[in-house]
Amino acid sequence: MTWKCHLAIFKAKSPIHIGYKQIGNLKTTRYYITGRAMWGTITANLTRALFSNPKPEDYQTIGNFVKEHIRTMYFYPAIKKNEVKNPQEWSEYEVDDHLVFLPEYTENGIKFGSVSKEEFEQMFIGSFVSTALEAQTKTAEEGSLHEFEFIRNKVTTDKSTADVYWLGYIFANANARDILDNTGKKLADVDYKDVDISFTNDEKTVLFSNVLNTLFVGGERNYGLGRLKLVSLVSNPENQRLFGKFEVELNGDKPMLKMDTALAHVNLDDVKLERGFLGEIEPVVGLEWSEKGAGQKVSDALICAVPGSKVPSGKYVVDKLGIIRF
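The rules behind these values
Residues numbered from 1 in each chain as written. Predicted model: local features only at pLDDT ≥ 70, side-chain atom pairs only at ≥ 80, totals over all residues. Heavy atoms only, no water. 1 Å grid on protein atoms, 1.4 Å probe; cavity = no way out; pocket = protein on both sides within 12 Å on 5 of 7 lines; lining within 4 Å. Points joined across faces, edges and corners; volume = space filled by probe spheres on them. Nonpolar A, V, L, I, M, F, W, Y, C, P; charged D, E, K, R; others polar. Phe/Tyr/Trp six-rings, centres within 6.5 Å; stacked < 30°, edge-to-face > 60°. Helix = DSSP H or I, 4+ residues; strand = E, 2+ residues; numbered from the N terminus. Buried < 20%, exposed > 50% of the residue type's maximum accessible area, 1.4 Å probe, protein only. Pairing = 2+ DSSP bridges. Axes fitted to C-alpha atoms, helices over the stretch in contact; angles between N-to-C directions. Parallel < 35°, antiparallel > 145°, perpendicular 65-115°, else oblique. Left-handed = near helix turned anticlockwise from the far one by under 90°. Contact = heavy atoms within 4.5 Å. Salt bridge = Lys/Arg side-chain N within 4 Å of Asp/Glu carboxyl O. Core = buried A, V, L, I, M, F, W, Y, C linked by side-chain atoms within 4.5 Å. Expected span 1.5 Å × (residues − 1). pLDDT = per-residue confidence, 0-100.

1. Observations concerning empty space enclosed by the protein
Step number 1: Scanning the entire structure with this criterion turns up 1 cavity of 30 Å³ or more.
Step number 2: Empty space within the largest cavity amounts to approximately 30 Å³.
Step number 3: Lining of the largest cavity is provided by Tyr-76, Tyr-93, Leu-102, Pro-103, Thr-261, Ala-262 and Leu-263.
Step number 4: Each residue belonging to the lining of the largest cavity can be placed in one class, and the counts come to 6 nonpolar, 1 polar and no charged.

2. Some remarks on the packing of aromatic side chains
Step number 1: Summed over all chains, the structure comprises 15 aromatic pairs.
Step number 2: When the ring of Tyr-31 is compared with that of Phe-120, the centres are 5.4 Å apart and the planes differ by 45°; the resulting orientation is tilted. Here the residue Tyr-31 occupies a position in the loop between strand S3 (26-29) and helix H1 (35-50), and Phe-120 occupies one in helix H3 (residues 117-124), the gap between them amounting to 89 residues.
Step number 3: Classification of Phe-120 by relative accessible area gives buried; the value is 0%.
Step number 4: The interplanar angle of 65° and the centroid separation of 5.0 Å between the aromatic rings of Phe-101 and Phe-124 together place this pair among those described as edge-to-face.

3. Thoughts on the sheet that holds strand S8 (residues 103-106)
Step number 1: Taking strand neighbours across the sheet as the criterion, the 3 strands line up as S8-S9-S10 in an open arrangement whose pairing is antiparallel. Either end of the sheet is taken by a strand with one partner, and the two such strands are S8 and strand S10 (115-116).

4. Remarks on the packing of H1 against helix H2 (residues 56-69)
Step number 1: Running from amino to carboxyl end, H1 crosses H2 at an angle of 125°, the nearest separation of the two axes being 9 Å. One element, H1, and the other, H2, form an angle in the oblique class. By crossing handedness, the relation of H1 to H2 is classed as right-handed. Listed contacts from H2 to Trp-39, Ile-42, Thr-43, Ala-44, Leu-46, Thr-47, Arg-48 and Leu-50 of H1 are Asp-58, Tyr-59, Ile-62, Gly-63, Val-66 and Lys-67.

5. With respect to the pattern of salt bridges
Step number 1: Applying the stated rule across the entire model yields 15 salt bridges.
Step number 2: A salt bridge links Glu-282 to Arg-30; its shortest N-O distance comes to 2.9 Å. With Glu-282 in strand S27 (residues 281-284) and Arg-30 in the loop between S3 and H1, this residue pair connects regions lying 252 residues apart in the sequence.
Step number 3: Look at Glu-282 and you get buried, because its relative accessible area is 9%.

6. What about the pairing of strand S2 (residues 19-23)?
Note on strand geometry: in a regular strand, side chains alternate between the two faces of the sheet.
Step number 1: Direction of pairing for S2 relative to S3: antiparallel, over a ladder of 3 bridges. In the strand pairing of S3, Ile-23 is matched with Leu-26.
Step number 2: The loop that links S2 with its antiparallel partner S3 comprises 2 residues; one of these, Gly-24, has a positive phi angle of about 60°.

7. Describing the nonpolar core
Step number 1: With 50 residues, the main nonpolar core has Phe-10, Ile-33, Phe-124 and Trp-166 as its most contacted residues.
Step number 2: Elements represented by at least two residues in this core include exactly strand S1 (3-12), H1, H2, strand S9 (109-112), H3, strand S15 (165-173), helix H4 (208-212) and strand S22 (227-236).
Step number 3: At 6 residues, H1 tops the list of elements feeding residues into this core.
Step number 4: With near-sequence residues (within four places) excluded, Phe-124 lies in contact with Pro-77, Ile-79, Phe-101, Phe-150, Ile-151, Arg-152, Val-155 and Val-164.
Step number 5: Residues Cys-5, Val-100, Ala-264 and Val-318 belong to the second largest nonpolar core, which totals 38 residues.

8. A short note on H2
Step number 1: Compared with an ideal rise of 1.5 Å per residue, which puts 14 residues at 20 Å, H2 spans 20 Å between its outermost C-alpha atoms and is within 8% of the ideal.
Step number 2: If you check which residues of H2 are buried, you get Asp-58, Thr-61, Ile-62, Gly-63, Phe-65, Val-66, Lys-67 and His-69.

9. Thoughts on the layout of surface pockets
Step number 1: In this model, the second largest pocket occupies a volume close to 410 Å³.
Step number 2: As for the second largest pocket, its lining consists of 20 residues, and the residues nearest its centre are Tyr-20, Tyr-31, Tyr-105, Lys-117 and Glu-280.
Step number 3: Looking at side-chain class alone, the lining of the second largest pocket contains 11 nonpolar, 2 polar and 7 charged residues.

10. What about the environment of Pro-54?
Step number 1: With respect to the secondary-structure elements, Pro-54 resides in the loop between H1 and H2.
Step number 2: Taking relative accessible area as the criterion, Pro-54 reaches 24% and is therefore assigned partly exposed.
Step number 3: Sequence separation between Pro-54 and Ala-44 is 10 residues; the distance between their C-alpha atoms is 9.9 Å.
Step number 4: Residues contacting Pro-54, with those up to four places away along its chain left out, are Thr-47, Arg-48 and Tyr-59.

11. Considering the environment of Asn-25
Step number 1: In this structure, Asn-25 sits in the loop between S2 and S3.
Step number 2: Considered as a pair, Asn-25 and Glu-147 are 122 residues apart in the sequence and their alpha carbons are 6.0 Å apart.

12. A word on the confidence of the model for the chain
As a general rule, the predicted coordinates of low-pLDDT regions are not to be interpreted in detail.
Step number 1: Across the chain, the average pLDDT comes to 84, with 80% of residues at or above 70.
Step number 2: In this model, residues 179-185 is a region of pLDDT below 50 whose contacts with residues beyond four sequence positions or in other chains number 13 contacts.
Step number 3: Across residues 188-195, where pLDDT falls below 50, the model places 24 contacts with residues more than four positions away in sequence or in other chains.

Spelled out as structure tokens, the structure:
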């Protein structure tokens, strides 16, 4: 089995909220886009592109196809290198003239790129507060206070106001086949033309770049959040290092990478953490399809090291939904 790796760069057209913890009335956000969130929006777009009137079972089948054959890494915020005076003071991770703010745990706490957590939050994190009003009194309705964090789509640097971009990698199985439904229609070959991918069923053919062209990701989208616009989709050679540091191997049954810092949630089932572990551990769960419909089943919890944690150096598998396994 052969995989191809694509660097995808999106421009944030609105702030992003990726649900994390709730503290009182405040919904906090993660500081990255998870593989599950990317899987959800890609599934929705690909299903609507392939079918004029998709049915719930079409979403389920395409979702299973994407989960199996399209592996999305986690995506991280970035700004263009020319938007700051001294790029190395902001991030040591430079990709295609973008400075990427990858998390990394150190002896002095977590940092993002080259900046501290406090500096990162001051630069990238904002919040929105709203409340419902009583119809008669026009005063705040009791218990309706609502506040959520978001990652800004524009930030202030030492040079100017900069647009925020989101960078990550997408692995696609070059030999993918899948049954579309029980009538025998097939999702045809994943075909590579230059750096693009095409998917075909009996109705139409769509390019992956068109599927990715505009994504709506994360929560609070009724407030206008979550819009990403694709600006670049570039195929990477097999010896390319992800984010300029992490080697990737694409000739096995699953894409693999060499790392000592978690680029996504790392399943700890087969990982023996070393003494002096730097990072955090949390259970990872999600809502999945069941006979009752979408989002009606809670997935099994995976005990994972969070992105940025220091893990034993070695080869890791990029599995479904971007989860990394030893």
